[in-house]
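An overview of the molecular structure
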Amino acid sequence: MTEPDYEAQVRDAYPELDRIEEDELRDQVVEAWTLGLERGGWQDIADIPYAWNIHEVTNVEHVRGVTKIAIESAEIQREFHGADPDVDVVVAACLLHDVGKAYEYVDFVDAELLDEPDREHYASEEIPHSISGYALAHEVGCPLAVQRAIPHFLGEVPTRTMEAELVKSANSASSNAITQSAMGITLKEWVDEYSQTQN
């Protein structure tokens, strides 16, 4: 079987990478995704679902939605309020905020979508995806400003920066839209109903 070209998959999946001006940071985002896909044993980045129990929306669609919402929000902050969020940090953190799902969700898809996940070291639902995503960003050398904007779930948020708040709020906006359209419930209702199932 031909090895998947993960780098090409990532670059094709996320045209928003072009919004990152710094070449090294753009490459670090691609490298983090490549490592996650390889270790998770995925054949295609598009096979990772948005949530363990919502497969109608892909993680790629969600990540792109979060990134677009955050970019628009940053532009509004600048235009209307004179703020100056670091767009490179915002875009990189948005693109990486759910990279950990490449590890977490291997047990929730059909086996034929996977090759050989590295379950001994990485692929597991034991560690929440925003924490493993932080670890991947750290491993590839992303700046601290990007790393600390990745943890976004309950109880995981470090000291908040403007960029981190943009990622978190954009994630909530996208997630609420997805849970409402897929299941007819809010994100909070989804968390209340299903987070205990996962833990």
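What you are looking at is a predicted structure, and each value in this text was computed from that prediction instead of being measured. (Residues numbered from 1 in each chain as written. Predicted model: local features only at pLDDT ≥ 70, side-chain atom pairs only at ≥ 80, totals over all residues. Heavy atoms only, no water.)

Scanning the chain from terminus to terminus reveals nine helices and two strands. Reading the chain from its N end, one meets helices and strands in the order α-α-β-β-α-α-α-α-α-α-α. Against the 2.2 N^0.38 benchmark of 16 Å for 199 residues, the chain shows a C-alpha radius of gyration of 16 Å, consistent with a compact globule. Seen along its three principal axes, the alpha-carbon backbone of the chain occupies a region of about 50 × 40 × 25 Å. The burial tally for the chain puts 51% of its 199 residues in the buried class. Taking contacts inside the chain between residues at least 6 apart in sequence as the whole, the part at least 24 apart equals 69%. Treating the 13 positive side-chain charges of the chain as one cloud and the 41 negative ones as another, the clouds have centres 7 Å apart. (Helix = DSSP H or I, 4+ residues; strand = E, 2+ residues; numbered from the N terminus. Rg over C-alpha atoms; globule rule 2.2 N^0.38 Å. Buried < 20%, exposed > 50% of the residue type's maximum accessible area, 1.4 Å probe, protein only. Contact = heavy atoms within 4.5 Å. Lys, Arg positive; Asp, Glu negative; His and termini not counted. Charge placed at Lys NZ, Arg CZ, Asp CG, Glu CD.)

As a further point, take the environment of Asn59. Looking at the secondary structure, you find Asn59 in helix α3 (residues 59-81). Of the residues examined, Asn59 reaches a relative accessible area of 1% and is grouped as buried. Taking the C-alpha atoms as reference, Asn59 lies 8.0 Å from Lys101; in sequence the two are 42 residues apart. Apart from the residues within four sequence positions on either side, Asn59 is in contact with Tyr14, Trp33, Ile48, Pro49, Tyr50, Asp98 and Lys101. Separated by 3.4 Å, the side chains of Asn59 and Lys101 make a polar contact. (Polar contact = N/O pair within 3.5 Å; in protein donor to acceptor, adjacent residues only side chain to side chain.)

Turning next to a negative patch on the surface. A cluster of like negative charges, contributed by Glu3, Glu38, Asp115 and Glu116, occupies part of the molecular surface. Among the structural elements, Glu116 can be located in the loop between α5 (101-104) and α6 (129-139). Overall, Glu116 belongs to the exposed group, its relative accessible area being 70%. (Patch = residues over 30% accessible without salt bridge, like charges linked within 9 Å, V, L, I, M, F, W, Y side chains within 5 Å. Areas by Shrake-Rupley, 256 points an atom, 1.4 Å probe, with all protein chains shown as cover. Salt bridge = Lys/Arg side-chain N within 4 Å of Asp/Glu carboxyl O.)

Tallying each qualifying case throughout the model produces eleven salt bridges. Arg78 serves as the salt-bridge partner of Asp84, at 3.4 Å between the closest nitrogen and oxygen. For Lys101, the salt bridge goes to Asp98, with nearest N and O atoms at 2.8 Å. Here the two residues Lys101 and Asp98 agree in accessibility, since each one is buried. Through salt bridges with shared partners, a single ionic network connects Glu7, Arg11 and Asp27.

Interpretation in functional terms is not warranted from these geometric data alone.
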